[in-house]
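Listed below, chain by chain, are the residues.
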Amino acid sequence: MIGLFKVKEKQREQAQNASRGGGASVKKQSAGELRLHKDISELNLPSSCTITFPNGKDDLMNFEVSIKPDDGYYHNGTFVFTFQVSPVYPHEAPKVKCKTKVYHPNIDLEGNVCLNILREDWKPVLNINTVIYGLFHLFTEPNSEDPLNHDAAQVLRDNPKLFETNVRRAMTGGYVGQTFFPRCI
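Predicted model only: the values in this text are computed from it and were never measured.

### What about unusual backbone geometry?
Point 1. The omega angle of the peptide bond from Tyr89 to Pro90 is 10°, so this bond is cis rather than trans.
Point 2. Mapped onto the fold, Pro90 is located in the loop between β3 (79-84) and β4 (95-98).
Point 3. Phi at Asn76 takes a positive value of approximately 75°, unusual for a residue other than glycine.
Point 4. By secondary structure assignment, the location of Asn76 is in the loop between β2 (62-67) and β3.
Point 5. Owing to a relative accessible area of 35%, Asn76 belongs among the partly exposed residues under this scheme.

### Some thoughts on the pattern of salt bridges
Close approach of charged atoms lets side chains of opposite charge pair.
Point 1. Taken as a whole and assessed by the stated rule, the structure comprises six salt bridges.
Point 2. Note that Lys38 is salt-bridged to Glu42, the shortest N-O span being 3.2 Å.
Point 3. Lys38 sits in the partly exposed class, given a relative accessible area of 45%.
Point 4. Under the relative-accessibility criterion, Glu42 is labelled partly exposed at 45%.
Point 5. Three or more residues joined by partner-sharing salt bridges are found here, namely Arg119, Glu120 and Asp146.

### Things to note about the UniProt feature "active site" (unreviewed entry) in the chain
Point 1. UniProt tags Cys114 as "active site" (unreviewed entry).
Point 2. Its location among the elements puts Cys114 in the loop between β4 and α3 (128-140).
Point 3. Among the residues examined, Cys114 registers a relative accessible area of 5% and is labelled buried.
Point 4. Once residues lying within four places of it in the same chain are set aside, the contact partners of Cys114 are Asn106, Arg119, Leu138, Asp146 and Leu148.

Conventions adopted
- Residue indices begin from 1 for each chain and proceed along its sequence in written order.
- Given that the model is predicted, a residue must reach a pLDDT of at least 70 before its local features are reported, and side-chain atom pairs must reach 80 or more before they are shown or counted; all residues, however, enter totals for whole chains, interfaces and linings.
- As a convention, hydrogens and water are excluded, and side-chain values are obtained from all of the structure's heavy atoms.
- Working definition: helices are DSSP H or I runs of at least four residues, strands are E runs of at least two. Numbering for both runs from the N terminus.
- The buried label applies to any residue whose accessible area, calculated with a 1.4 Å probe on protein chains only, is under 20% of its type's maximum; exposed applies above 50%, and partly exposed to all values in between.
- For this document, the term salt bridge refers to a Lys or Arg side-chain nitrogen within 4 Å of an Asp or Glu carboxyl oxygen.
- UniProt positions are given in the numbering used here, feature names are shortened, and annotations may be inferred rather than shown by experiment.
- Residue contacts follow a heavy-atom distance rule, with two residues in contact if any of their heavy atoms lie within 4.5 Å.

Written out as structure tokens, the structure reads:
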């Protein structure tokens, strides 16, 4: 479990600073921020996933998740995703982009991710943990039936061995067709 900042502790600290004459009033947190704090405190990630907050503890609505699959075509690659969480979360799905350029049927070259729970199947009962497991699953079981990268999907469907070769070439830093992929392994 990730030991992150507790909401109550942060509010108490802000209240103490304000009462000491710091002049700053305690910022009221949105329902989305409160729910996100809860989700993060309850994260139960696979050992091959990590979460970081590049903007520090004051911006928990924007974070990164690194996934290093331990199985499948993408074994030992490291893939970084950015999460932008709206103040109306969980009524709106987080915005997720892949920062790592990857040859994958469900992730396009701009980093857009095709995952049903980030689109039409999102429900407020879902949480960040569910999204991370969904992303992790894309690397263990790529879905050629709902692609963003149609070329990769067709190769996966028609010639899985060539798909595996293309994934390895892309992950080790090389070209697949006319597209260069930086090393991510």
